[in-house]
Amino acid sequence: MKKKVLIIEDENDLRFFIARALKEEGFEVIEAFDGEEGMEKAKKEKPDLILLDLLLPGISGYEVLTRIKKDPELEMIPVLILSNLGQQEEIERGLKLGAIDYLIKANFTLDEIVDRIKKILYSPK
Amino acid sequence: MFEKIFDNLKDGLIVFDKENKVSLINKSAKEILGVKEKILGKSIEEFSNFPKIQNLFFLLGKEIKEVFRKEIELGEGLVLEVTSIPIFEEGKKIASVVVLHDITREKTIERLKSEFVSVSAHQLRTPLASIKWSLETLLRGGKLNEYQQTIVKKAFSSAERMLTIVNDLLNVVKIEEGRYVYRKTPINFEDLVKSKIEFFEEKIKEKQIQFEFRILSKKLPKVKVDPEKIGLVIENLLDNAIRYNLIGGTITISLDLKDNEIEFSIKDSGIGIPENEKSNIFQKFFRASNAIKKEPEGSGLGLFVAKNIVEAHGGKIWFESEEGRGTTFYFTIPIK
């Protein structure tokens, strides 16, 4: 069965490129523009992994992460932060809230991001 | 007359006598320190519980130490640059002159500048990610002919270079704000160096460089460093050694243990550093003239960042170079 990835990202172009790369690698992709929509789709679709941006219109990525980790139905889903913020404090805050990893968008290629997702989903726990 | 000049100076001035008691204090110093009481003839210690004098006391001590342009904060955002000069007569200290220079305004401007750079650098990352990923998507599509691929790859590497500059700028801002966080963990230095060499393997091959990695000491102990930051130092030095080398040149990296320090060195057979530019090489944004000629692109920040990281670890960084023959960079990290 195809693994499902939910992308929560407000920049249309960036979301388009990641979605495309993931689809090419055989993933099912669900897209959300902001935190509210992201929470809704997470609950409905129960994705295998969530790619989360931090600077979002409305509720922030940190808030989305907090809500996911508080929700007994969603807390097990790995959340990978993909943001352009990259200060040590921001990274630590994200990891402390329960993100599995933190990637700075511009520093990674699509290939590297897809690889990271595969590692998270397919490595034995 | 002399007193008037003294009192009208913008900088605060305090003169201590040989017993380290205040023998002169001008109006500005009183205003800066917020003292109204009679301070003449008293030692600074007697005022050490005054909130504004406390930090000055910590800096100068009872004996009014010699200090050159040290920054202290006096609360309420007031920042001073303090200089203390001892005055000697026949080898004996007879007085100390302390100058209090208010640099609050400069500090504010510096902070605003840092914020500006930091915000704009962050803003640049989003369009840069978009450019990089667009080009990558084109390449992944596999529908480009060889010529098109070459061009798209060039654009991609330009975007990568620009990203490096953005990241360097952010590092500089953090260094200048004094909050370049160091999370030190004990690591195996050899492994760190190896991983960085691997990272550059392709570039080394591309330039047909004869590369050697030598460990001169039998066993290297673990060192406590911030692996990401020290990794950046090695990356910057190795990148320079490749970039400013000739096709078919040589690079040798050596690790050695010397008096409780690990010494890293990287020797290249590149263009070298011109004699008259050697003293500027670690300056922010500085690039040697022959380096600009060879590689027009470059931020001039790599060595500045490297120096700050090494020094924040208690180490030293230096080089030997001859123009046209090559350069060797060294840095040390103390083992604690």
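Look up: the structure comes first, before these words.
No experiment lies behind these values; they were computed from the predicted model shown.

### Considerations on the overall build of chain B
Then comes step 1: Counting its regular elements, chain B contains 10 helices and 12 strands.
Then comes step 2: Sequence-distant contacts, at least 24 apart, represent 56% of the contacts inside chain B between residues at least 6 apart.
Then comes step 3: Surface accessibility of chain B: about 19,100 Å² in total, with carbon and sulfur atoms responsible for 53%.

### Observations regarding the nonpolar core
Then comes step 1: Counting 48 residues, the largest nonpolar core has Phe 189, Ile 230, Phe 264, Ile 266 and Phe 331 of chain B as the members making the most contacts within it.
Then comes step 2: If you tally residues by element for this core, the top one is helix H8 (residues 227-243) of chain B, at eight residues.
Then comes step 3: Contacts of Phe 189 of chain B, omitting those with residues within four sequence positions, involve Val 223, Ile 230, Leu 255, Ile 262, Phe 264, Phe 331 and Ile 333 of chain B.
Then comes step 4: Of all hydrophobic cores here, the second largest spans 31 residues; its members include Leu 49, Ala 106, Leu 110 and Leu 121 of chain A.

### Examining a nonpolar patch on the surface
Then comes step 1: A cluster of nonpolar side chains, contributed by Met 1, Ile 5 and Leu 9 of chain B, occupies part of the molecular surface with about 340 Å² of accessible area.
Then comes step 2: The topology assignment puts Met 1 of chain B in the segment before helix H1 (2-8).

### Brief notes about helix H10 (residues 302-312) of chain B
All names here are of chain B.
Then comes step 1: When H10 is considered as a whole, its buried residues turn out to be Gly 302, Leu 303, Phe 304, Val 305, Ala 306, Ile 309 and Val 310.
Then comes step 2: The inward-facing, buried residues of H10 contact helix H5 (146-176), H8, strand E11 (317-322) and strand E12 (326-334).
Then comes step 3: Backbone geometry just downstream of H10 places Gly 314 in the positive-phi region, at approximately 80°.

### Here we look at the pattern of salt bridges
Then comes step 1: Applying the stated criterion across every chain yields a total of 27 salt bridges over all chains.
Then comes step 2: Between Lys 41 of chain A and Glu 37 of chain A there is a salt bridge, with the nearest N and O atoms lying 2.9 Å from each other. Of the two residues, Lys 41 of chain A and Glu 37 of chain A both sit in helix H2 (residues 35-45), four residues apart, roughly one turn of that helix.
Then comes step 3: Taking relative accessible area as the criterion, Lys 41 of chain A reaches 26% and is therefore assigned partly exposed.
Then comes step 4: Between Arg 325 of chain B and Glu 322 of chain B there is a salt bridge; the shortest N-O distance is 3.8 Å.
Then comes step 5: Overall, the relative accessible area of 59% leaves Arg 325 of chain B in the exposed class.
Then comes step 6: Salt bridges sharing common partners tie together Arg 20, Glu 24, Glu 25, Asp 111 and Lys 118 of chain A together with Arg 140 of chain B.

The rules behind these values
Residues numbered from 1 in each chain as written. Chains lettered and ligands numbered in written order. Predicted model: local features only at pLDDT ≥ 70, side-chain atom pairs only at ≥ 80, totals over all residues. Heavy atoms only, no water. Helix = DSSP H or I, 4+ residues; strand = E, 2+ residues; numbered from the N terminus. Contact = heavy atoms within 4.5 Å. Areas by Shrake-Rupley, 256 points an atom, 1.4 Å probe, with all protein chains shown as cover. Core = buried A, V, L, I, M, F, W, Y, C linked by side-chain atoms within 4.5 Å. Buried < 20%, exposed > 50% of the residue type's maximum accessible area, 1.4 Å probe, protein only. Patch = residues over 30% accessible without salt bridge, like charges linked within 9 Å, V, L, I, M, F, W, Y side chains within 5 Å. Salt bridge = Lys/Arg side-chain N within 4 Å of Asp/Glu carboxyl O.

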